[in-house]
Amino acid sequence: MKPLIDAFTNLIARIRGLNYIDEATLKEVLREIQRILLRADVSADVVSSITKTIEERFRQERPPEGVTSKEFLVYLLYQELVKALGGEGAPSVDITKRPYKLMLIGVEGSGKTTTAAKLARFYIRRNLRVGLIETDVYRPGAYYQLKQLAGKVNALFYGEENSRDPLSILRHGLEYMQRNKVDLVIIDTAGRHRNEEELLKEARAIYDEAKPDEVMLVIDATIGRQAAAQTEAFMRYVPINSVFLTKMDSTAKAGGALTSVIKSGARIKFIGVGEDVDEIEVFDANKFVSRLLGMGDLEALIEKIRAVEEEREIMEEIEEGKLNLLTIKKQLDSMMKLGPLSKIMELLPTSMLPIQYRAIMTDEERMSNAQEMLRRWRHILDSMTKEELLNPEIINASRIRRIAKGAGVTPKDVKELLNYYQLMKRMINQIKKSRRRLGRLIGE
Ligand code: GDP
Ligand code: MG
């Protein structure tokens, strides 16, 4: 993964260093993105669809206010990579019932046994009782390997050293786990067989016997884009609910492994980033791409663009007349994030604002003062109940005292905020009225 991160962070630095983005530099940047992705073993069609979309969007969409075209290009790259990696949001890793049976399958050496221990540790840390069952009777030492790992992570273990019958081990193991009131049972399976056909058949037999709540396919990321063919082969025999990609730490082909698994329709839940039992991560496309492109800078940019988008939503709410203290709360957040860039501040006629606000817009030096007040208001809003936020009219003197105490401010500060709310409300009503008048005038 390191070469991929280096290549992308270099590219971002280069984009940042450009004076502006003309036709020729855009083409060059797109070509460089293609080179990086192809080197990471991403398939040509996925690469070209990513860069085509970036190009189209860059030409058609306008960057949000306050965002330069260079930043916007980086943002588009970020968004399209996230999309190619399965989209926004981390997968749910919750255990939805007790006991929950999780079956691991995959070819020999993909990392199943190690992964079983990693998952056990992950869920034990979430306060579950976890049990491991070893059904691999082919690989010499599999029994001891998992038994030892189970001891390391404090999981229960069941295996039969001398048995040759995976199904009977499984039955005994499930009984054992049931007796011991385990919340999560992880079933490790064999990966070595005379041929693929036999491996898949045994996986199917174990599946039928265990009736697992989840089948997790373990794939070695070093095989790159071949991961898709492997996923599809397993899918023909057993329904695959999730994928665990191992050895992400030691391959230059991580990009190919990720995108090809996703294209095959499977959901990547975890990635393995080292041999140790702690080296497991929930796969989150957003976080992953942030890391690829160089976290710090990018986060600030994404935050900025999100804030601009959020603000547009708040404006819409305000225009629809849905004003309460929750709106004000969102509004303050957005002002604090965007500072002088805030559209909402432009919306407010200066003369109607409390003195501090006028300062924000006219006097740079008093900005920090105003920020201080915004923060105080934010504390006040945090001390209010949901009911009070949605329905500020219920806030009486005793509630004001309680809120002030909770926020560590004076009741006067709370009143100041409530005055601001009343002011906003009057202002919006006036705007609405004048719009109606205007509407009548032009014969709407
Ligand atoms: P199995 O045959 O599928 O059960 O695979 P094993 O769990 O025995 O693992 C095979 C090899 O891969 C071992 O040497 C593991 O230490 C190694 N391995 C597993 N996961 C990872 C990982 O995320 N990163 C690295 N670098 N090695 C891993
Ligand atoms: Mg194994």
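Values in this document were obtained by computation on a predicted structure and should not be read as measured data. (Residues numbered from 1 in each chain as written. Chains lettered and ligands numbered in written order. Predicted model: local features only at pLDDT ≥ 70, side-chain atom pairs only at ≥ 80, totals over all residues. Heavy atoms only, no water.)

**Q** Break down the pairing of strand β4 (residues 184-188) for me, with residues and values.
**A** Taken across its 5 residues, β4 has 5 buried, putting it largely inside the fold. Alignment of strand β1 (residues 100-105) against β4, held across 4 bridges, turns out to be parallel. Its bridge partner lying in β4, Tyr100 is registered against Leu184. (Buried < 20%, exposed > 50% of the residue type's maximum accessible area, 1.4 Å probe, protein only. Helix = DSSP H or I, 4+ residues; strand = E, 2+ residues; numbered from the N terminus. Pairing = 2+ DSSP bridges.)

**Q** Which residues make up the side chain of Gln230, and what values go with them?
**A** The topology assignment puts Gln230 in helix α9 (residues 227-235). Each residue touching Gln230, except ones within four places of it in the same chain, is listed here: Val107, Val218, Ile219 and Ile223. (Contact = heavy atoms within 4.5 Å.)

**Q** Break down the sheet that holds strand β5 (residues 214-220) for me, citing the residues and quoting the values.
**A** What links the strands of a sheet is backbone hydrogen bonding, and the strands pair in either a parallel or an antiparallel sense. Overall, mixed pairing links the 8 strands, which are arranged β3-β2-β4-β1-β5-β6-β7-β8 in an open sheet. Unpaired on one side and paired on the other, β3 (156-158) and β8 (280-282) mark the two borders of the sheet. Between one strand axis and the next, the sheet turns through 25° on average, direction left out of account. Lying on the sheet, helix α7 (residues 166-179) is in contact with β1, β2 (130-134), β3 and β4; it crosses β3 at an angle near 155°. (Axes fitted to C-alpha atoms, helices over the stretch in contact; angles between N-to-C directions.)

**Q** Give me the lowdown on the site of ligand 1, citing residues and values where you can.
**A** Around ligand 1 sit 19 residues in total, of which Gly109, Lys112, Thr114, Arg139 and Asp249 are the nearest. Arg139 places a polar side-chain atom, nitrogen or oxygen, 2.7 Å from an oxygen atom of ligand 1. A distance of 3.1 Å is found between an oxygen atom of ligand 1 and a side-chain nitrogen or oxygen belonging to Gln145. Look at ligand 1: alone it shows 580 Å² of surface, and the protein chains cover 84% of it. When its residues are assigned to classes, the shell around ligand 1 shows 2 nonpolar, 10 polar and 7 charged. (Near = heavy atom within 4 Å. Polar contact = N/O pair within 3.5 Å; in protein donor to acceptor, adjacent residues only side chain to side chain. Areas by Shrake-Rupley, 256 points an atom, 1.4 Å probe, with all protein chains shown as cover. Nonpolar A, V, L, I, M, F, W, Y, C, P; charged D, E, K, R; others polar.)

**Q** Describe the side chain of Ser163, naming the residues involved and giving the relevant values.
**A** In this structure, Ser163 sits in the loop between β3 and α7. One polar contact links the side chain of Ser163 to the main-chain amide nitrogen of Asp165, over a distance of 3.0 Å. Contacts of Ser163, omitting those with residues within four sequence positions, involve Val137 and Ile169.

**Q** So what's going on with the packing of helix α3 (residues 44-60) against helix α4 (residues 69-84)? Residues and values would help.
**A** Where α3 contacts α4, the two axes come as close as 10 Å, and the packing angle between them is 145°. Between α3 and α4 the crossing geometry is right-handed. Mapping the contact onto sequence places Ile50, Thr53, Ile54, Arg57 and Phe58 in α3 and Ser69, Phe72, Leu73, Leu76, Leu77, Gln79, Glu80, Leu81, Lys83 and Ala84 in α4. Of the residues contributing to the contact of α3 with α4, the split by class is 9 nonpolar, 3 polar and 3 charged. (Left-handed = near helix turned anticlockwise from the far one by under 90°.)

**Q** Residues and numbers for the pattern of salt bridges, please.
**A** Scanning the model with the defined rule gives 29 salt bridges in all. Across the pair Lys201 and Glu197 runs a salt bridge, and its minimum N-O distance is 3.8 Å. A residue pair is termed a helical-turn pair when its members lie 3 or 4 positions apart in one helix, as Lys201 and Glu197 do in helix α8 (residues 196-210) at 4 residues. A residue is classified by how much of its surface remains accessible, and Glu197, at 40% relative accessible area, is partly exposed. Among the salt bridges present, the one from Glu281 reaches Arg291, with a minimum N-O distance of 2.7 Å. Of this pair, Glu281 sits in strand β8 while Arg291 sits in helix α11 (residues 285-293), and the two are 10 residues apart along the sequence. Each of Glu23, Lys27, Glu55 and Arg59 takes part in a single network of salt bridges with overlapping partners. (Salt bridge = Lys/Arg side-chain N within 4 Å of Asp/Glu carboxyl O.)

**Q** Explain the pairing of β2 to me, and be specific about the residues and the numbers.
**A** Counted residue by residue, β2 has 5 buried out of 5 residues, so it is predominantly covered. Neither face of β2 is exposed, since Val130, Leu132 and Glu134 on one face and Gly131 and Ile133 on the opposite face are all buried. Of the strand pairs in this sheet, β2 and β4 are connected by 5 bridges, and their pairing is parallel. Looking at β4, one finds that Leu132 is bridged to Ile186. Judged from the 3 bridges that link them, β2 and β3 form a sheet pairing that is parallel. Of the residues in β3, the one forming a bridge with Ile133 is Tyr158. After leaving β2, the chain enters helix α6 (residues 142-153) and then returns to the sheet as β3, a path that is right-handed. (Right-handed = clockwise from strand over helix to strand, strands pointing away.)

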